[in-house]
Amino acid sequence: MSALYPWLVRPWQHLLNNKARPAQALLISGSAGIGKSALAYAWAQTLLCEAPRPDGDACNECGACHWFKAGTHPDFRLLTLQEKENKDGETTLATGIDVEQARETVDFVRSSAYRAGRRVVLVEPADALNVAAANALLKVLEEPPLNTTFLLVSDQPRRLLPTVRSRCTRLDVGLPPQEDALRWLRDQQLDNAEEMLALASGAPLAAVKCLEEGGLTVRKDLFQVLSKPSSLDPVMRADTWKNLNPRVWHILTYKWLCDVLATRLKCAARFNPDYSEALLKLGKHVDLARLLALSKAHVEQGRYVMHPLNRQLQLETWLIQYRQLFIEDEKT
Ligand SMILES: [Zn+2]
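Residues numbered from 1 in each chain as written. Predicted model: local features only at pLDDT ≥ 70, side-chain atom pairs only at ≥ 80, totals over all residues. Heavy atoms only, no water.

Considerations on the coordination of the zinc ion
Listed as protein donors to the zinc ion are Cys49 (SG), Cys59 (SG), Cys62 (SG) and Cys65 (SG); their distances from the metal cover 2.3 Å. In this structure Cys49 comes out as buried when scored by relative accessible area, which is 9%. Given a relative accessible area of 14%, Cys59 falls into the buried group. (Donors = N, O, S within 2.8 Å, 3.2 Å for Na, K, Ca; no water. Buried < 20%, exposed > 50% of the residue type's maximum accessible area, 1.4 Å probe, protein only.)

With respect to unusual backbone geometry
Excluding glycine, residues mostly carry a negative phi; peptide bonds, for their part, are mostly trans. For the peptide bond that leads from Glu124 to Pro125, omega is -5°, which places it in the cis range. Tracing the backbone through its elements, the reader meets Pro125 in the loop between strand 5 (119-123) and helix 5 (131-142). Despite not being glycine, Asn60 shows a phi value in the positive range, around 70°. As for its placement among the helices and strands, Asn60 is situated in the loop between helix 2 (36-48) and helix 3 (63-70). Residue Asn60 is classed as partly exposed on the basis of its relative accessible area of 29%. (Helix = DSSP H or I, 4+ residues; strand = E, 2+ residues; numbered from the N terminus.)

Examining the pairing of strand 1 (residues 25-29)
Looking down a regular strand, the side chains alternate between one sheet face and the other. Of all five residues in strand 1, five are buried, a share of seventy percent or more. Residues Ala25, Leu27 and Ser29 point to one face of strand 1 and Leu26 and Ile28 to the other, with burial holding for every one of them. One ladder, built from four bridges, connects strand 1 with strand 7 (residues 169-172); its direction is parallel. Note that in strand 7 the partner of Ile28 across the bridge is Leu171. (Pairing = 2+ DSSP bridges.)

Quick notes on the sheet that holds strand 7
The strand order across the open sheet formed by five strands is 2-5-6-1-7, and the pairing between neighbours is parallel. The strands lining the two open edges of the sheet, one partner per strand, are strand 2 (76-79) and strand 7. Strand after strand, the sheet turns through a mean of 20° between neighbouring axes, direction not considered. (Axes fitted to C-alpha atoms, helices over the stretch in contact; angles between N-to-C directions.)

As structure tokens, then:
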């Protein structure tokens, strides 16, 4: 697939090599921001293509390919988080894929196919299936109707029900080698490729997204504040920070906490070495148990960071907890 990211050539080739007998339920997992979704869509198109090229790849020209690219292929279903309106009239994403959606999908795969006979269901993010939805799908994952393929995409496959995971063939997509990722980022004419890639933990598409969302400027502002917890005013800060992109905020603060932990354990700061001096000071005075608790809660919160019930309150709580990590020291 010519348009696929260069670091996906190997998993792509692996899929093509097994095209004669494709996995009926394939779980594509790996870090966020490395192109798993693009890989899944490319594979879905290839499975549905009615005039594949000699190497098995989609032709990009037949009716099925056109429908697929237009998002109208009748034998393709996307099972994903639905948009809904909150009470303020804002559009937000649901926090989970619910059982009604799963039941519709089951009906879809049990009905007859419209075209050449194959149906493809893409479930993304598969870890968002709630328990009832996952159980509803389990029946068709266990005994998939003929010529039906399920593609599940997940950044956090451990969150899937073990029964669902065990029905799937795994395709783990690793992070691209740093050199490949940097070369690609530079080809996209991105400034600060190295910094952005480090910030995104080596995931190139996450780096692009972070940059588009003003990651570097936000980073400087955040870290100046977090370097001086004793002068931090949670209410005022939450008020300024509530307008930042929540995902960027979450990534940056998470990595900051990781670095505080690293310096507490007498290791070097991994994500923000340019703030080593400030981190070293924090590491000396941080309460380890509280830091671990906040880090754990932070990871949990990441799942809902894009649709908090009250962003201001969420930030205030976090900032108060952050300040308390160091408060014992101030008394001494
Ligand atoms: Zn085609």
